[in-house]
Amino acid sequence: VQLQASGGGLVQAGGSLRLSCAASGRTFSRYAMGWFRQAPGKEREFVAVISGSGGRTYYADSVKGRFTISRDNAKNTVYLQMNSLKPEDTAVYYCAGDSDGAIVTTKPNYWGQGTLVTVSS
């Protein structure tokens, strides 16, 4: 599966952005999908994951209550709605996926290119 992320940009603290990740292929619903991010000088970290059906989600503590992951399997797209953004959310955000839900939060096999989110204070 090929993934294409978009929607990044510059936003003030307290603002919102919605990231999108479009996937190719006919079996999108079989893949658990996740978002990761990498801030300057830091390692990439897990942000959120959603099951293939969309019925289950899981978030990193740092974004819980502010970010919402969702998907539209008819459009082969996964979203990350980011509200109440903080300067520490500044990072390159990556979407990723895997048919194995057990590894999608750690070592997914499929990655999109990153999209930069910058939150100004």
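Here the structure is a predicted model, which means the values were calculated and not measured.

A. Structural view of the overall build of the protein chain. Scanning the protein chain from terminus to terminus reveals zero helices and eleven strands. Ordered by position from the N terminus, the helices and strands of the protein chain form the series β-β-β-β-β-β-β-β-β-β-β. Compactness check: the protein chain gives a C-alpha radius of gyration of 13 Å against a globular reference of 14 Å for 121 residues, within 12% of the reference. Expressed as lengths along the three principal axes of its C-alpha atoms, the size of the protein chain is roughly 40 × 25 × 25 Å. For the protein chain, with 121 residues in total, the buried portion stands at 45%. Long-range pairs, those at least 24 residues apart, make up 55% of the contacts in the protein chain with a sequence separation of at least 6. Total accessible area on the protein chain is roughly 6300 Å²; 45% of this is exposed by carbon and sulfur atoms. Of note, the protein chain has its 13 positive side-chain charges centred 6 Å away from the centre of its 8 negative side-chain charges.

B. Quick peek at the side chain of asparagine 76. You can see asparagine 76 is positioned in the loop between β7 (67-72) and β8 (77-82). Relative accessible area serves as the criterion here: at 16%, asparagine 76 is assigned to the buried category.

C. Inspection of unusual backbone geometry at higher detail. Phi is positive for asparagine 76, which is not a glycine, with a value near 50°. With a phi close to 50°, serine 84 is a non-glycine residue in the positive phi region. Relative to the helices and strands, serine 84 resides in the loop between β8 and β9 (91-98).

D. Examining the environment of arginine 71 more closely. Secondary-structure assignment places arginine 71 in strand β7. What makes arginine 71 buried here is its relative accessible area of 13%. Note: C-alpha distance between arginine 71 and alanine 22 (49 residues apart in sequence) is 9.9 Å. Beyond its immediate chain neighbours, meaning those up to four positions away, arginine 71 contacts Phe28, Ser29, Tyr31, Ala32, Met33, Ile50, Ser51, Gly52, Gly54, Thr77, Val78 and Tyr79. Of the polar contacts made by the side chain of arginine 71, one reaches the backbone oxygen of serine 51; its length is 2.8 Å. Of note is the side chain of arginine 71, whose polar atom sits 3.3 Å from the backbone oxygen of glycine 52.

E. View of the nonpolar core. If you look at the biggest cluster of nonpolar residues, it comprises 35 residues, and the most contacted ones within it are Trp35, Leu80, Met82 and Tyr93. Element by element, the count of residues in this core is highest for strand β5 (residues 45-50), at five residues. The residues contacting tyrosine 93, other than those within four sequence positions of it, are Leu19, Trp35, Phe36, Arg37, Val47, Phe67, Leu80, Met82, Gln113, Gly114, Thr115 and Val117.

Conventions adopted
Position numbers for residues start from 1 in each chain and track the written sequence from start to end. Note on the predicted model: pLDDT of at least 70 is required for a residue's local features to be given, and 80 or more for side-chain atom pairs to be given and counted; whole-chain, interface and lining totals, by contrast, use all residues. With hydrogens and water set aside, each side-chain value is computed from the structure's full complement of heavy atoms. Counting from the N terminus, the helices are the DSSP runs of H or I reaching at least four residues and the strands are the DSSP runs of E reaching at least two. Based on C-alpha atoms, the radius of gyration is set beside the globule rule, defined as 2.2 Å times the residue count to the power 0.38. Here's how the labels work: a residue is buried when its accessible area is under 20% of the maximum for its type, exposed when over 50%, partly exposed in between, all with a 1.4 Å probe on protein chains only. The contact criterion used is simple: two residues touch if any of their non-hydrogen atoms lie within 4.5 Å. The protein chains shown are the only cover counted for residues, whose accessible areas, like all others here, come from Shrake-Rupley with a 1.4 Å probe. Positive charge is attributed to Lys and Arg, negative charge to Asp and Glu, and no charge count is given to His or to the chain ends. Note on charges: their place is set at NZ of Lys, CZ of Arg, CG of Asp or CD of Glu. The term polar contact refers here to a pair of N or O atoms within 3.5 Å; inside protein, the definition further demands a hydrogen-donor-capable atom paired with an acceptor-capable atom, and it admits residues adjacent in sequence only when both atoms are side-chain atoms. We define a nonpolar core as any set of buried Ala, Val, Leu, Ile, Met, Phe, Trp, Tyr and Cys residues linked to one another through side-chain atoms lying within 4.5 Å.

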